[in-house]
Amino acid sequence: MADTPSTTAVAAARSSSVARASAGARAAESQHQPAADPQAFAELGDDPTFGGATEQLTIEPDDVDDDEGYVNSITTSYVSSIATDIRRGVEENGRTYSAYGIHKPWVPVDDLEHCKFYELLDHKLFLAPIVKHPQKILDMGTGSGIWAIDVADRYPSAHVLGVDTAPVQPDLTPPNLQFEIDDVENEWLWPESSFDFIHGRELIMTIRDWPRLVRQALSRLKPGGYLQLCGSWPKFQSDDGTLPEDSAYVEMGNIYFEMSTKVGASGHEVRSWRRYLEDAGYEDVHEHVFKVPTNPWPKDERLKRVGLFELVHFRDNISSVFARGFTQILNGDPAYFEVLLARARKEVLNLQMHSWVPFYVVYGRRPEAKIARQ
């Protein structure tokens, strides 16, 4: 059995990771964001199931003991040590705020997903090569507003607008950030040629007409402006056959697709985003597909952290969302789902199961002096 890392070693590694994250963030703040390096992000490649990416990368698994008790112990310790640091944040005025990466103390800690994607994209908030000094940015489905807050902080000269159907954003925000209650599936009332950059991430089961959305975005972008869409395709899989066909993860992914189809917002649409942008008239359209590990099984330290965030997200958030959807949308048996969820929670702690889920990033540019028909 492998030796358990000492408390000092774990603390040192954690401090080093946070230091690297902060250093990377400061460097990124001072320069225009470069294009993505596929090999740096565990990006998918020539597999025709995905397409669009340029390099195939198989993630190397870490060497771990196959004793279940040991795996559960080391995983729990790893989750507790790092997630506690992130959640601890900064205490101010009786509230706790995020202290991870570049996040400023404006947003209460409620969205570790943002941390996960920030790590996945190697400390970048987006991949689209937007202008160096954008004047107006739109964040569709802003949720807690954490991405919009970080972008507003990164570009203080830009007016950042975050819109969502739920008023869950904080009151204390950067001066150049504004939140509005709006549904981007409705007719857009913003003037044409308004935005330098339009962003949408994890708009899960919310958009029913993606072609219309990308057309409306095209007409509201300034010539040369970019639209970027990001989202997961929960088709759980593995490269080495360690994910069995009867996996609870696989079944939960199938349940997600069934729920999304039932509400008219198919979870498979992420795979059509590139075509939708090209059909609408965007130029310089790029599709990048990344592997998101479902727990900290990778050997690479950055991907290990990504897997950690995915594990915590599943454990703390996804299970409850799936439970409601399974019973309310599909009229499923709650008792059956509890058994399925128990199996999935056991799988998520199994570092011998090298499973991952694809994450799509698609962006395109509005051509000069061209507006799409709506």
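Check the entry above for the structure.
Scoring rules and cut-offs
Residues numbered from 1 in each chain as written. Predicted model: local features only at pLDDT ≥ 70, side-chain atom pairs only at ≥ 80, totals over all residues. Heavy atoms only, no water. Helix = DSSP H or I, 4+ residues; strand = E, 2+ residues; numbered from the N terminus. Areas by Shrake-Rupley, 256 points an atom, 1.4 Å probe, with all protein chains shown as cover. Salt bridge = Lys/Arg side-chain N within 4 Å of Asp/Glu carboxyl O. Buried < 20%, exposed > 50% of the residue type's maximum accessible area, 1.4 Å probe, protein only. 1 Å grid on protein atoms, 1.4 Å probe; cavity = no way out; pocket = protein on both sides within 12 Å on 5 of 7 lines; lining within 4 Å. Points joined across faces, edges and corners; volume = space filled by probe spheres on them. Nonpolar A, V, L, I, M, F, W, Y, C, P; charged D, E, K, R; others polar. Contact = heavy atoms within 4.5 Å. Polar contact = N/O pair within 3.5 Å; in protein donor to acceptor, adjacent residues only side chain to side chain. Pairing = 2+ DSSP bridges. Right-handed = clockwise from strand over helix to strand, strands pointing away. Axes fitted to C-alpha atoms, helices over the stretch in contact; angles between N-to-C directions. Parallel < 35°, antiparallel > 145°, perpendicular 65-115°, else oblique. Left-handed = near helix turned anticlockwise from the far one by under 90°.

A. Region of interest: the overall build of the chain. The helix and strand inventory of the chain stands at 9 helices and 10 strands. Carbon and sulfur atoms provide 50% of the accessible area of the chain, an area that totals close to 16400 Å².

B. Seen up close, the pattern of salt bridges. Under the counting rule described, the total for this entry stands at 14 salt bridges. Between Arg343 and Glu251 there is a salt bridge; the shortest N-O distance is 4.0 Å. Taken together, the positions of Arg343 in helix 9 (residues 334-347) and Glu251 in helix 6 (residues 248-262) put the pair 92 residues apart, joining distant regions of the chain. Judged by its relative accessible area of 35%, Arg343 falls in the partly exposed class. We note a salt bridge from Arg365 to Glu283, for which the minimum N-O separation is 3.3 Å. Taken together, the residues Arg365 in strand 10 (residues 355-365) and Glu283 in strand 9 (residues 283-293) connect sequence positions 82 residues apart. The partly exposed category is assigned to Arg365, whose relative accessible area is 25%. Salt bridges sharing common partners tie together Glu113, Lys116 and Glu310.

C. Representation of empty space enclosed by the protein. Under the criterion given, the structure shown has 3 cavities of 30 Å³ or more. By volume, the largest cavity amounts to about 120 Å³. In terms of lining residues, the largest cavity is bounded by 15 residues, among which Leu203, Ile204, Trp210, Tyr256 and Val270 are the most central. Of the residues assigned to the lining of the largest cavity, the class counts are 9 nonpolar, 4 polar and 2 charged.

D. Geometry of helix 5 (residues 210-220). Across the 11 residues of helix 5, 8 count as buried, placing the element largely inside the fold. Listed in full, the buried residues belonging to helix 5 are Trp210, Leu213, Val214, Gln216, Ala217, Leu218, Ser219 and Arg220. Those residues of helix 5 hidden inside the fold are in contact with strand 3 (136-140), strand 6 (195-201), strand 7 (221-232) and helix 7 (273-280). Among the residues of helix 5, the N-terminal cap falls to Asp209, whose side-chain oxygen and the backbone nitrogen of Arg212 are separated by 3.2 Å.

E. Region of the structure containing the pairing of strand 4 (residues 159-164). Counting buried residues in strand 4 gives 5 out of 6 residues, a clear majority hidden from the surface. Of the pairings in the sheet, the one linking strand 3 to strand 4 comprises 5 bridges and is parallel in character. Paired with Asp139 across the bridge in strand 4 is Gly162. This β-α-β element, strand 3 to helix 4 (residues 146-154) to strand 4, shows right-handed connectivity. In terms of strand pairing, strand 4 meets strand 5 (residues 177-181) through 5 bridges, oriented parallel. Across the sheet, residue Val160 finds its bridge partner in strand 5, namely Leu177.

F. Quick look at the environment of Tyr155. Note that Tyr155 resides in the loop between helix 4 and strand 4. Spatially, the C-alpha atoms of Tyr155 and Ile137 are 9.6 Å apart, while their sequence positions differ by 18 residues.

G. Inspection of the packing of helix 6 against helix 9 at higher detail. Contact geometry of helix 6 with helix 9 gives a least axis separation of 8 Å together with a crossing angle of 125°. With respect to helix 9, the element helix 6 is oriented oblique. The hand of the helix 6/helix 9 crossing is left-handed. Side by side, helix 6 and helix 9 meet where Ala248, Tyr249, Glu251, Met252 and Ile255 of the first sit next to Tyr336, Phe337, Leu340, Leu341, Arg343, Ala344 and Glu347 of the second. Taken together, the residues of the contact of helix 6 with helix 9 sort by class into 9 nonpolar, no polar and 3 charged.

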